[in-house]
Amino acid sequence: GKWFTYSLCEQLGNIGSEIGRAKKWQGKDQKIFESAVFRAIELLDLTLSDIRWKKRYREIARAKEVVGDAFSGGNLYGSSFESLEKYFYHFAFAARNKKNN
């Protein structure tokens, strides 16, 4: 329930934390890596189910698709966890800025 009290930036920033964790453990610990990826996808699914963001559905769904692509080797879009971390970082930064103001 708490997930649905977060702003979109907070939700995507939290997803970015999981992406960062996946990036950190990729090639080092497969179990932790996969856990982070699956948690990011789970959080993206929760975000997609949040009716407040229905106008952003396509962007959020594409982000989920790109996470899956990065997990499977980046063959479709050339995506990587490094590039995803950069994308999601901006949301975490915006959420933090909003809370501090």
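Our subject in this report is the structure included herewith. (Residues numbered from 1 in each chain as written. Predicted model: local features only at pLDDT ≥ 70, side-chain atom pairs only at ≥ 80, totals over all residues. Heavy atoms only, no water.)

## Here's the deal with helix α3 (residues 57–71)
For an α-helix, 3.6 residues make a turn, and residues three or four places apart therefore share a direction.
Okay, step 1: Compared with the 21 Å implied by 1.5 Å per residue over 15 residues, the 21 Å span of α3 between its first and last C-alpha is a close match.
Okay, step 2: Each element contacted by the buried residues of α3 is listed here: α1 (8–25), α2 (30–48) and α4 (81–100).
Okay, step 3: Just beyond α3, the residue with positive phi is Gly-73, at close to 110°. (Helix = DSSP H or I, 4+ residues; strand = E, 2+ residues; numbered from the N terminus. Expected span 1.5 Å × (residues − 1). Contact = heavy atoms within 4.5 Å.)

## A few points about the pattern of salt bridges
Okay, step 1: Tallying each qualifying case throughout the model produces 8 salt bridges.
Okay, step 2: Notably, a salt bridge pairs Asp-50 with Arg-52, separated by 2.7 Å at the nearest N-O pair.
Okay, step 3: Note that Glu-59 is salt-bridged to Arg-56, the shortest N-O span being 2.8 Å.
Okay, step 4: With a relative accessible area of 32%, Glu-59 lands in the partly exposed category.
Okay, step 5: For Arg-56, a relative accessible area of 33% corresponds to the partly exposed category. (Salt bridge = Lys/Arg side-chain N within 4 Å of Asp/Glu carboxyl O. Buried < 20%, exposed > 50% of the residue type's maximum accessible area, 1.4 Å probe, protein only.)

## With respect to the environment of Leu-46
Okay, step 1: Mapping Leu-46 onto the fold places it in helix α2.
Okay, step 2: What makes Leu-46 partly exposed here is its relative accessible area of 28%.
Okay, step 3: Residues Leu-46 and Gln-11, spaced 35 residues apart in sequence, show a C-alpha to C-alpha distance of 9.1 Å.

## Describing the side chain of Ser-79
Okay, step 1: Tracing the chain through its elements places Ser-79 in the loop between α3 and α4.
Okay, step 2: At 2.4 Å, the side chain of Ser-79 forms a polar contact with the side chain of Asp-69.
Okay, step 3: Setting aside chain neighbours within four positions, we find Ser-79 in contact with Val-66, Asp-69, Ala-70 and Gly-74. (Polar contact = N/O pair within 3.5 Å; in protein donor to acceptor, adjacent residues only side chain to side chain.)

On their own, these measurements won't tell you what the molecule is for.
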